[in-house]
Amino acid sequence: MHGGAPFKIALFADLHFGEDTWTAWGPRQDLNSARVMSSVLDQEQPDFVIYLGDVITANNVVVKNASLYWDKALSPTRNRGIPWSTIFGNHDDAPFEWPIEWFSQSGIPQIHCPDTNSPFPGCEECGFRGTTRLELMKNEIERNSLSYSKKGPKNLWPSVSNYVLKLSSSDDSQKAMIFMYFFDSGGGSYPKVISDSQVKWFQRKSKEVNPHARMPEIIFWHIPSEAYKTVAPKFETTSKHYCVGSIFSEDVAAQEGEMGIMKVLEERPSVKAVFVGHNHGLDWCCPYTKKLLWLCFARHSGYGGYGNWDRGARIIEINERPFSLKSWITMEDGHLHSEVLLSS
Ligand SMILES: [Zn+2]
């Protein structure tokens, strides 16, 4: 990737395409979500887009190949020629959940399994069995030259979206401006966790690409770690004071275990911020460990998924010289808020 200054990234979190596909309501939400993305992309003109997990609601997808919905979520970005990368959330490969009403007198609704002209094999048939992380990622990478996503090393199985991208300096493509690390934080077909092998992978990888931790690094995964709970603003205390955001409407729904990733990140001064989705009712950034590392939520971008908070996207802006890492939230209606300087 080539960086100019400034380099702008849009984060689309929790789009939840493919929800309630058998109703009229479901497909309408997908159109609404595409509209959110289009409006943010047209306003912000980002250089890169990150899909921060829960791209689809696989537990609602009835077609055999859920890549049909995954691909719909990518299309506003692809249509504008903007490169992107994706990571998995807990809904992306979740097994189908049979609605209990389908077993009442009304029975299973007539399902049209649906797209006869879909580019993905298996979309004309009903599946009810989900599509694996590997299949979703393979289909994305093989069909999209703008995709920077990767299937992480095999030994990190069953987690898949683990990789690092280097944003190059504008005057020397060999030189890095910043490194972006992507993790699969699990959920769906296996526990919500970042494993010990993923921690070791990060240690190895960061040592290899950024040996003296000279260049700044930022981190992306879907489900907040336990550490988010410790900095979460409580209404009754003053801690909110240091946090920047506009919705504080939920408790942090953290991963199921902590296998050491936070300790490693915390001890590495080059790591400036972690960005997650998952909690649709939170959009804050709070400082962690003496304000050196920021923990940030993105912003619920999709009309699928729980919650009716207004939709938007977190934007990250990186300036090379002098270095600065800035972020804010752009709403569907175009207004901006919650600007925060994460590093300079
Ligand atoms: Zn979600």
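Anything mentioned here points back to the structure above.
Computed from a prediction, not measured in an experiment: that's the story for all the values here.

### Notes on the sheet that holds strand S5 (residues 176-182)
Reading across from one edge, S4-S5-S6-S7-S9-S8 is the order of the 6 strands in this open sheet, with mixed pairing throughout. Edge positions in the open sheet fall to strand S4 (163-168) and strand S8 (285-288), since each of these has one partner strand only. The average undirected angle you get between the axes of adjacent strands in this sheet is 20 degrees. Of the strand pairs in this sheet, S4 and S5 are connected by 6 bridges, and their pairing is antiparallel. Bridge assignment links Val-164 to a residue of S5, and that residue is Tyr-181. Contacts from helix H4 (residues 196-209) reach S4, S5 and strand S6 (217-220) within the one sheet, and its direction differs from that of S4 by about 25 degrees.

### Re helix H2 (residues 67-79)
A rise of 1.5 Å per residue sets the reference length of H2, with its 13 residues, at 18 Å; its end C-alpha atoms lie 17 Å apart and thus fit the reference within 8%. Roughly 35 degrees is the biggest bend found in H2, and it falls at Ala-73, with proline Pro-76 one to four residues downstream. Most of H2 sits inside the fold, with 10 of its 13 residues counted as buried. Among the residues making up H2, those that are buried are Ser-67, Leu-68, Tyr-69, Trp-70, Asp-71, Lys-72, Ala-73, Leu-74, Pro-76 and Thr-77. Of the surrounding secondary structure, the elements contacted by the buried residues of H2 are helix H1 (25-44), strand S2 (48-51), strand S3 (84-86) and helix H3 (133-143).

### Quick notes on unusual backbone geometry
The amide bond that connects Trp-157 to the next residue, Pro-158, takes the cis arrangement and shows omega of 5 degrees. Mapped onto the elements, Pro-158 comes out in the loop between H3 and S4. The residue Gln-45 is not glycine, and still its phi comes out positive at about 45 degrees. When you line up the elements, Gln-45 lands in the loop between H1 and S2. Using a count of 11 C-beta atoms within 10 Å as the deciding quantity, one classes Gln-45 as exposed. Here the phi dihedral of Ser-338 falls at roughly 60 degrees; this positive angle occurs in a residue that is not glycine. With respect to the helices and strands, Ser-338 occurs in strand S12 (residues 336-343).

Calculation rules
Residues numbered from 1 in each chain as written. Predicted model: local features only at pLDDT ≥ 70, side-chain atom pairs only at ≥ 80, totals over all residues. Pairing = 2+ DSSP bridges. Helix = DSSP H or I, 4+ residues; strand = E, 2+ residues; numbered from the N terminus. Axes fitted to C-alpha atoms, helices over the stretch in contact; angles between N-to-C directions. Contact = placed C-beta atoms within 7 Å. Expected span 1.5 Å × (residues − 1). Bend = angle between axes of the 7 residues up to and from the residue. Buried ≥ 20, exposed ≤ 12 C-beta atoms within 10 Å, placed from the backbone.

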